[in-house]
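Listed below, chain by chain, are the residues.
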Amino acid sequence: MAPDRVPVAVTIEGRDLELSNLDKVMYPAAGFTKGEVIDYYTRLAPILLPHLRGRALTRIRFPNGVDGMHFFEKNKPGGTPDWVHTERLPVPGSTKARETIDFVVVDDLPTLVWVANLASLELHTPQWRVGAYPDLMVVDLDPGSPAGLQECCGVAVLMRDRLEADGVAAYPKTSGKKGMQLCCPISGEQDSEEVSGYAKKVAEELAAMVPKSITAKMAKNLRPGKIFIDWSQNAAAKTTVAPYSLRAQPAPTASTPLTWEEVEAMGTGDAEARQFEAHEVLGRVEELGDLLTPLLEPGPRLP
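Residues numbered from 1 in each chain as written. Predicted model: local features only at pLDDT ≥ 70, side-chain atom pairs only at ≥ 80, totals over all residues. Heavy atoms only, no water.

### Some points on the sheet that holds strand S10 (residues 136-143)
The strand order across the open sheet formed by five strands is S11-S12-S10-S14-S13, and the pairing between neighbours is mixed. This sheet does not close on itself; its edge strands, each paired only once, are strand S11 (171-174) and strand S13 (214-215). Running at roughly 20° to strand S12 (residues 180-185), helix H3 (residues 149-165) makes contact with S10, S12, S13 and strand S14 (227-230) of the sheet. (Pairing = 2+ DSSP bridges. Helix = DSSP H or I, 4+ residues; strand = E, 2+ residues; numbered from the N terminus. Contact = heavy atoms within 4.5 Å. Axes fitted to C-alpha atoms, helices over the stretch in contact; angles between N-to-C directions.)

### Things to note about the packing of aromatic side chains
Applying the stated criterion across every chain yields a total of two aromatic pairs. Note on Tyr27 and Phe32: the rings are 5.7 Å apart at their centroids and 80° apart in plane angle, and the pair reads as edge-to-face. Exposure remark for Phe32: the relative accessible area of 12% places this residue in the buried category. An angle of 65° between the planes, with centres 5.3 Å apart, marks the rings of Tyr40 and Tyr41 as edge-to-face. The residues Tyr40 and Tyr41 share a single accessibility class, namely buried. Taking NZ or CZ as reference, Arg284 lies 4.7 Å from the ring centre of Phe276, over its face. (Phe/Tyr/Trp six-rings, centres within 6.5 Å; stacked < 30°, edge-to-face > 60°. Buried < 20%, exposed > 50% of the residue type's maximum accessible area, 1.4 Å probe, protein only. Lys NZ or Arg CZ within 6 Å of the ring centre and 35° of its normal.)

### Some words on the packing of helix H1 (residues 34-52) against helix H2 (residues 109-117)
For the pair H1 and H2, the least separation of the axes is 9 Å and the interaxial angle reads 140°. Compared by their axis directions, H1 and H2 come out oblique. Note that H1 runs across H2; the crossing there is right-handed. Along the contact surface, H1 presents Lys34, Ile38, Tyr41, Thr42, Ala45, Leu48, Leu49 and Leu52, while H2 presents Leu109, Leu112, Val113, Ala116 and Asn117. Residues that form the contact of H1 with H2 fall into these classes: ten nonpolar, two polar and one charged. (Parallel < 35°, antiparallel > 145°, perpendicular 65-115°, else oblique. Left-handed = near helix turned anticlockwise from the far one by under 90°. Nonpolar A, V, L, I, M, F, W, Y, C, P; charged D, E, K, R; others polar.)

### Details of the environment of Pro300
Along the polypeptide, Pro300 turns up in the segment after helix H6 (278-288). A residue is classified by how much of its surface remains accessible, and Pro300, at 28% relative accessible area, is partly exposed. Separated by 13 residues in the primary sequence, Pro300 and Glu287 have C-alpha atoms spaced 29 Å apart. Those residues within four positions of Pro300 in sequence are excluded, and the remaining contacts are Gly167, Val168, Pro185, Ile186 and Ser187.

### Structural notes on the pairing of S12
Each regular strand carries side chains that alternate between the two faces of the sheet. A large share of S12 lies buried, amounting to six of its six residues. Neither face of S12 is open: one carries Met180, Leu182 and Cys184, the other Gln181, Cys183 and Pro185, and all of them are buried. Here S10 pairs with S12 via six bridges, running antiparallel. Looking at the pairing, Met137 lines up with Cys184 of S12. Two strands pair when backbone bridges link them, and S11 and S12 are joined in this way by four bridges, in the antiparallel orientation.

### Focus: empty space enclosed by the protein
Counted according to the given criterion, the structure contains two cavities of 30 Å³ or more. In terms of lining residues, the largest cavity is bounded by 16 residues, among which Thr125, Gln127, Leu136, Cys183 and Pro243 are the most central. Of all the elements in the fold, those that place two or more residues in the lining of the largest cavity are S10 and strand S15 (240-241). For the second largest cavity, the full set of lining residues is Tyr244, Thr256, Pro257, Val281, Arg284, Val285, Leu288, Gly289 and Leu291. For the lining of the second largest cavity, the class distribution of residues is six nonpolar, two polar and one charged. (1 Å grid on protein atoms, 1.4 Å probe; cavity = no way out; pocket = protein on both sides within 12 Å on 5 of 7 lines; lining within 4 Å. Points joined across faces, edges and corners; volume = space filled by probe spheres on them.)

### Overview of the pattern of salt bridges
Under the criterion given, the structure shown has 18 salt bridges. Of the charged contacts, one joins Asp39 and Arg43 as a salt bridge, the two residues approaching to 3.3 Å between their closest N and O atoms. Of this pair, Asp39 and Arg43 both sit in helix H1, four residues apart, which is roughly one turn of that helix. Between Lys200 and Glu204 there is a salt bridge whose closest N-O contact spans 4.0 Å. One end of the pair is Lys200 and the other is Glu204, both in helix H4 (residues 192-209) and four residues apart, which spans about a single turn. On the basis of relative accessible area, Lys200 is assigned to the partly exposed category, the value being 32%. By sharing partners, the salt bridges in this structure join Arg162, Asp166, Lys201 and Glu205 into a single network. (Salt bridge = Lys/Arg side-chain N within 4 Å of Asp/Glu carboxyl O.)

Here it is as structure tokens:
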């Protein structure tokens, strides 16, 4: 018998939504459904929303689950409710030759649920909030096989210590795929070009220090067995997977904040270097709270 496809009408904080296909399996290998995706984002909303608020959201949508086709979506889709916060922003170099895009900004729970109901499994945000200079710098650590997350953790500790020397605090999270990111709160007084320039400088310093293990160059042929420090994620047009966002992997992994003790243990092999699944993230948040709360306060000006 075909599953019941009748949409479910809900009211969230005074907003009416229709949730559809809640039983549709989004992660076939894990049996994880769209209803569970919406439940995950709803339960995490109190700590996720402060990281999304004010940021133009790029969604990666998987209408038929992670094994089906997917598409990136920056523009607000047709049928967007009028209560959803949107911002018309210039998009230099848009692949669709648009001069501006009406971005969705997720400021509240109804919008987050609406986005999740569109099978937006992955949520990606820039380092800036609308109308402001970047308040975050991100250091993306991308392993070239056979290097993996363990090697990323080793490089993360080196990068943490290098940034600390300049008075910049770094907070680690897994990417939910292969690698990890370090997120650094900054003053919001410098433009993306200046932030990228600083990130590139420290990436190149580390690559010169440990050339056998680290590269700061984009070229794919230089990456096998090394950790690529991708400083370019700080460009104004670039986005990074948001904290706690699900990823399109066989299992419902998520970009998971870590403690530095965990990073050090994973780097030395004292703990298994691995990505975390949605149910584990929910348990960690219950136990540890939001390890990325410091990102919500301004940090220092970069030297």
